[in-house]
Amino acid sequence: MPELCGIELETPVINASGTYDAIAARETFGDALLEDFPFAAFVSKTITPEARAGNAPRRIWETPAGMINSIGLPNKGLDGFLAADLPRLAELPVPLIVSIMATTREDFARCLERVAARREVAAIELNISCPNVHSGLIVGENPNETEALMDALRGLTEKPLIVKLTPNTADPAAVAAGAERGGADAVSLINTLKATAVDPATGEPALGNGYGGLSGPAVRPVALEQLRSVRAAVGLPIIGMGGISSGADAAEFLALGAAVVAVGTESFRDPRAGSRVATELESSLLSERSTVPALDLD
Amino acid sequence: MTAPFGRRLCEVAANRESGGYRVVSLLDREGPAPEPGQFYMLAAAAGWGARDGRAFLPRAISVAETSPAAGGGARLDFLLDAIGPGTERLCGLVPGEEVWLTGPLGNTFASPREVVPDAAGAVLVGGGVGVAPLALLRKRFSEHGVPHRVLLGFRDRVHQGGLDLFCGSSGALCPEVRLATEDGHAGVQGRVTDLLLPILAGDDAASGVVYTCGPPAMLEAVRALCAEHGVACELALESPMACGFGACFGCAVPTPGGGFLRLCVDGPVLRGDQVEEVSHAYA
């Protein structure tokens, strides 16, 4: 059975943070969502210390084999999440990973302590990479900043800490190494690639925020190369993602050394994409031939 | 009512011309019958992405007509205008092809008395391809004996269609339907708001509820006119939408108190007072 930092998973397929609102999906699809939940673990949208409304529209733009989003991390804030959302997410039949982000180490520490203290939470993902808000770039672009943040957070919980890497930096492998030195239990990659679009009707930037992050199959080759280079630099388990839309795609990430894969944008096109990818992966020849085992350094 | 979980393949039963638009009919063997205002996410099973990697995302399309299908399930009619790679592909579907479909999604229109307790009737105001959800709403109002008038506006012959959805069994336009066209080729020359204004100015206007769907500028004009005359209205909005089930947070609509609604799960039907201003930026 696949596992991630000691968390047993039914399949190696989870979701990418910010691409699935399990609460809204349950209201839309009913309890069928729980009976056939598409992911082996659920990663929440990123939670910030205070509530955020998100970016001004327009927020999404379709691109060749992908899309740009400029959502801006709308969320209820730490208090709202813990009070309203966490109890409902705890009803999901899979382990829960909560993504958090803050602009200062103190706020990061506060979020981490309060989230990690909740029994329902299996692991915490640290979003140091979201390109939609200015705060995320600074830490995730810099190996020393990343290591320093991990130094500040590592002692606060024994639960697994997953560092979500940004692809929008010259050397993601060096940042991953900084995360490892600081005591991360795993890294996840890639987040979206900084991108923009022009509205042909106006000649102006199409997105309300001016720019956003590119995702979908268009980014998959970039994700694979970042995975390869990070794999070479660190011994940590890696959650690989970026344009995975089939089992064959997922097998490529596993072949390059990802322990687990995440499905993001494809869930927009297919609400059960996670289940489909897992099923296809099982029967994927490439997966069977793969000689690269998932690393377990526990 | 919840939608079946996941997308499903549906067969194209028909694709016919309707003025300058197309009416594409799908056979949904599994889903419940949709309510007026609800929508589906649609993507052709083949040839999606054939134009420079687009269409990539499914398209959110509101249902214009539904009926029980021979052999079980529901027949779903969608009114489509080819304005980009997604709608062009959907307009080109041929019977026997398959379409990925998720839904029915979103909310439905409230009855006039749910909006205004002593409401006497309804005024439906549609523009362009946005007349689609009002066709199904008009049918419901007729079935339930809700007094209603229908005002439809179109730019010109090319940008006009779906009128057959507002026809009775005789094939003639229902008597309660009035047209405005900007080029004057049919109905009154002008805009649909020219037909609405005298109704809103009438003594009994406040006892009616306005239901509207259409292009952003028209929706904003209708919303503002209703607000000015103290008439309740419900707007079926459209917004760029990747998923249709609350996952992507792309379809954000600003609200008067600040913050945003997600049109897919909080709408697509919103009360006039839930919307600050209908803008091209999100509609």
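Residues numbered from 1 in each chain as written. Chains lettered and ligands numbered in written order. Predicted model: local features only at pLDDT ≥ 70, side-chain atom pairs only at ≥ 80, totals over all residues.

Novice: Let's hear about the overall build of chain A: which residues, and what values?
Specialist: The helix and strand tally for chain A stands at twelve helices and 16 strands. Taking 19 Å as the expected radius of gyration for a compact globule of 298 residues, we find that chain A reaches 18 Å, a close match to that expectation. Considering only C-alpha atoms, chain A reaches an extent of 50 × 45 × 40 Å along its principal axes. Taking the intrachain contacts of chain A between residues at least 6 apart in sequence as the baseline, contacts between residues at least 24 apart amount to 74%. (Helix = DSSP H or I, 4+ residues; strand = E, 2+ residues; numbered from the N terminus. Rg over C-alpha atoms; globule rule 2.2 N^0.38 Å. Contact = placed C-beta atoms within 7 Å.)

Novice: Can you lay out unusual backbone geometry for me, pointing to particular residues and giving the numbers?
Specialist: Of the consecutive residues Pro57 of chain A and Arg58 of chain A, the connecting peptide bond is found in the cis state with omega at 0°. Counting through the fold element by element, Arg58 of chain A comes out in the loop between strand S4 (42-43) and strand S5 (60-63). Cis geometry is adopted by the peptide bond preceding Ala55 of chain B, which originates at Arg54 of chain B and carries an omega value of 0°. Look at Phe249 of chain B: it is not a glycine, yet its phi comes out positive at around 60°. With respect to the secondary-structure elements, Phe249 of chain B resides in the loop between strand S13 (232-236) and strand S14 (252-254).

Novice: Run through helix H5 (residues 216-229) of chain B, naming residues and quoting values.
Specialist: All names here are of chain B. When the terminal C-alpha atoms of H5 are compared, their 20 Å separation across 14 residues agrees well with the 20 Å that a helix rising 1.5 Å per residue should span. Every buried residue of H5 is listed here: Met218, Leu219, Ala221, Val222, Arg223, Leu225 and Cys226. On the buried face of H5, the contacting elements are strand S8 (121-127), strand S9 (148-154), helix H4 (192-200), strand S12 (208-213) and S13. (Expected span 1.5 Å × (residues − 1). Buried ≥ 20, exposed ≤ 12 C-beta atoms within 10 Å, placed from the backbone.)

Novice: Lay out the packing of helix H7 (residues 172-181) of chain A against helix H8 (residues 220-233) of chain A in plain terms, naming residues and giving numbers.
Specialist: Residue and element names in this part refer to chain A. Interhelical geometry of H7 versus H8 gives an angle of 40° and a closest axis separation of 8 Å. One finds that H7 runs oblique with respect to H8. The element H7 and its partner H8 pack so that their crossing is right-handed. Every residue of H8 that contacts H7 at Pro172, Ala173, Ala176 and Ala177 is listed here: Gln226, Ser229, Val230, Ala232 and Ala233. Taken together, the residues that form the contact of H7 with H8 break down as seven nonpolar, two polar and no charged. (Axes fitted to C-alpha atoms, helices over the stretch in contact; angles between N-to-C directions. Parallel < 35°, antiparallel > 145°, perpendicular 65-115°, else oblique. Left-handed = near helix turned anticlockwise from the far one by under 90°. Nonpolar A, V, L, I, M, F, W, Y, C, P; charged D, E, K, R; others polar.)

Novice: Any details on the environment of Lys194 of chain A? Residues and values, ideally.
Specialist: Inspection of the secondary structure puts Lys194 of chain A in strand S11 (residues 193-195). The partly exposed category is assigned to Lys194 of chain A, around which 16 C-beta atoms lie within 10 Å.

Novice: Now, about the domain arrangement of chain B: what can you tell me, with residues and values included?
Specialist: Residue and element names in this part refer to chain B. The assigned domain composition of chain B is domain 1 (8-105), domain 2 (112-235) and domain 3 (237-283). In this structure, domain 2 and domain 3 have C-alpha centres spaced 22 Å apart. At the level of elements, H5 and S13 are the ones that each hand at least two residues to the side of domain 2 that touches domain 3. A per-element tally of the side of domain 2 that touches domain 3 places H5 first, with six residues. Partitioning the side of domain 2 that touches domain 3 into residue classes produces seven nonpolar, no polar and three charged. (Domains from an automatic or database assignment.)

Novice: Outline the pairing of strand S14 (residues 212-215) of chain A, supporting the account with residue identities and numerical values.
Specialist: With three bridges joining them, strand S6 (residues 66-69) of chain A and S14 of chain A adopt antiparallel strand pairing. Of the residues in S14 of chain A, the one forming a bridge with Met67 of chain A is Ser215 of chain A. (Pairing = 2+ DSSP bridges.)

Novice: Let's hear about the confidence of the model for chain B: which residues, and what values?
Specialist: Low-pLDDT stretches of the model should not have their predicted coordinates read in fine detail. Per-residue pLDDT for chain B has a mean of 95; in total, 99% of the residues score no lower than 70. Interface confidence in the predicted complex, given as ipTM, is 0.95; pTM for the same model is 0.94. (pLDDT = per-residue confidence, 0-100.)

Novice: Mind laying out the sheet that holds strand S5 (residues 65-68) of chain B, listing which residues take part and the relevant values?
Specialist: Residues and elements named next belong to chain B. Pairing in this open sheet of seven strands is antiparallel, and the strands run S4-S3-S7-S1-S2-S6-S5 from one edge to the other. Edge positions in the sheet fall to strand S4 (59-62) and S5, since each has one partner strand and no second. Adjacent strand axes in the sheet meet at a mean angle of 35°, parallel and antiparallel pairs treated alike. For strand S1 (residues 8-18) and strand S7 (residues 98-105), the ladder comprises four bridges, and the chain directions are antiparallel. Across the sheet, the residue bridging to Cys10 is Val99, located in S7. Strands in contact with helix H3 (residues 132-143) are S4, S5 and strand S6 (74-80); relative to S5, the strand with the most contacts, it is inclined by about 50°.

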